[in-house]
Amino acid sequence: MKPECPRQQEIKEEYGSNVKLLPSNDQVKELQTILRDRNTSRSDFKFYADRLIRLVIEESLNQLPFTKCTVTTPTNELYQGLKYQRGNCGVSIVRSGEAMEQGLRDCCRSIRIGKILVESDADTHEARVVYARFPEDIAQRKVLLMYPIMSTGNTVIKAVAVLKEHNVLEENIILSNLFCTPVACRSVTAAFPQMKILTSELHFLCPNHFGQKYFGTD
């Protein structure tokens, strides 16, 4: 087994073992840079956001449980492999989380995807759930919760609370995230220490314009 890189070890010590960082390299750093650059055009933004989303989704899927299986090859040889356990689904936090849905569908054919709409009160800034639609058997599923930008953690905390109200086990939730601030990570892990978080970066500067830029509403 390869030793953990110092960055991941630091995150484990600071936030716990359920917070995972997308393995970093120059390509990932370039994608993060493009998405933060105010001069990036909308078409380029969407293109490179989709690339980073795909990387995050792929790594999030690595957090799901696998079972051993045996298949027969075209030469009639037996191959000992792995397959996903049944019972996975996605849930996007509307609207920015919907940007990650296609990336999940590209990786998991016919996967079921639910939605949660959380809005903040204009006066109190308190998050409240406006709409939620899930697969009927979501309580028996592993859930990939998709939300690209986490600045405070309030929206995610409210969304996870709704999932738990629908009897989803905290340890069955994996948050797929692109950018997260340290404050948000601390808030979410304190509220739900058994939930897994997979993010591409922990940084105090969060590209909060993501949803508007991705969907062309800026």
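- Per an unreviewed UniProt entry, the protein goes by the name Uracil phosphoribosyltransferase homolog and belongs to Megalurothrips usitatus.
- UniProt, in the comment section headed Sequence similarities (unreviewed entry), describes the protein in these words: "Belongs to the UPRTase family."

1. What to know about the overall build of the protein
Phase 1 of the analysis: A count of helical and extended segments in the protein gives seven helices and 10 strands.
Phase 2 of the analysis: Dimensions of the protein, computed from the C-alpha atoms along their principal axes, are close to 65 × 40 × 35 Å.
Phase 3 of the analysis: Residues classed as buried in the protein amount to 43% of the 218 residues present.
Phase 4 of the analysis: Long-range contacts, defined as pairs at least 24 residues apart, comprise 63% of the intrachain contacts of the protein with a sequence gap of at least 6.
Phase 5 of the analysis: If you sum the accessible surface of the protein, you get close to 12100 Å²; carbon and sulfur atoms cover 48% of it.

2. Here's the deal with the state of the cysteines
The bond known as a disulfide is covalent and runs between the sulfur atoms of two cysteines.
Phase 1 of the analysis: According to the stated counting rule, one finds zero disulfides in the structure shown.
Phase 2 of the analysis: Cysteine Cys-89 is unpaired, with the sulfur of Cys-108 as its nearest cysteine sulfur at 11 Å.
Phase 3 of the analysis: No disulfide involves Cys-180; its nearest neighbouring cysteine sulfur is the one of Cys-185, lying 4.6 Å away.
Phase 4 of the analysis: For Cys-180, a relative accessible area of 1% translates into the label buried.

3. Overview of the packing of aromatic side chains
For any two aromatic rings, the description comes down to two numbers: the centre-to-centre distance and the angle of the planes.
Phase 1 of the analysis: According to the stated counting rule, one finds five aromatic pairs in the structure shown.
Phase 2 of the analysis: Between the aromatic rings of Phe-47 and Tyr-48, the centroid separation amounts to 5.0 Å while the plane-to-plane angle is 90 degrees, which identifies the pairing as edge-to-face.
Phase 3 of the analysis: Accessibility expressed as a relative area gives 22% for Tyr-48, which makes it partly exposed.
Phase 4 of the analysis: For the pair Tyr-214 and Phe-215, a centre-to-centre distance of 5.1 Å together with 75 degrees between the ring planes defines the contact as edge-to-face.
Phase 5 of the analysis: Overall, Tyr-214 belongs to the buried group, its relative accessible area being 6%.

4. Side note on helix 2 (residues 26–36)
Phase 1 of the analysis: Where helix 2 is concerned, the buried positions are Val-28, Leu-31, Gln-32, Ile-34 and Leu-35. All buried residues of helix 2 fall inside an arc of 160 degrees around its axis, so they share one side.
Phase 2 of the analysis: Against helix 3 (42–61), strand 9 (173–180) and strand 10 (196–202) lie the buried residues of helix 2.
Phase 3 of the analysis: Measuring from the backbone nitrogen of Gln-27 back to the side-chain oxygen at the start of helix 2 gives 3.1 Å, which picks out Asn-25 as the cap.

5. Quick word on the nonpolar core
As a rule of thumb, nonpolar side chains are buried together in soluble globular proteins.
Phase 1 of the analysis: Ranked by size, the top nonpolar core spans 32 residues in total, and within it Val-91, Ile-138, Leu-145, Val-156, Leu-163, Leu-175 and Met-195 carry the most contacts.
Phase 2 of the analysis: Once you skip the residues sitting within four places of it in the chain, Ile-138 turns out to touch Cys-89, Val-91, Val-143, Leu-163, His-166 and Val-168.
Phase 3 of the analysis: Among the nonpolar cores identified, the runner-up in size contains 28 residues, and Cys-108, Ile-113, Leu-144 and Cys-206 belong to it.

The rules behind each value
- Residues numbered from 1 in each chain as written.
- Predicted model: local features only at pLDDT ≥ 70, side-chain atom pairs only at ≥ 80, totals over all residues.
- Heavy atoms only, no water.
- UniProt positions renumbered as here; feature names shortened; annotations may be inferred.
- Helix = DSSP H or I, 4+ residues; strand = E, 2+ residues; numbered from the N terminus.
- Buried < 20%, exposed > 50% of the residue type's maximum accessible area, 1.4 Å probe, protein only.
- Contact = heavy atoms within 4.5 Å.
- Areas by Shrake-Rupley, 256 points an atom, 1.4 Å probe, with all protein chains shown as cover.
- Disulfide = S-S within 2.5 Å.
- Phe/Tyr/Trp six-rings, centres within 6.5 Å; stacked < 30°, edge-to-face > 60°.
- Arc of directions from axis to C-beta.
- Polar contact = N/O pair within 3.5 Å; in protein donor to acceptor, adjacent residues only side chain to side chain.
- Core = buried A, V, L, I, M, F, W, Y, C linked by side-chain atoms within 4.5 Å.

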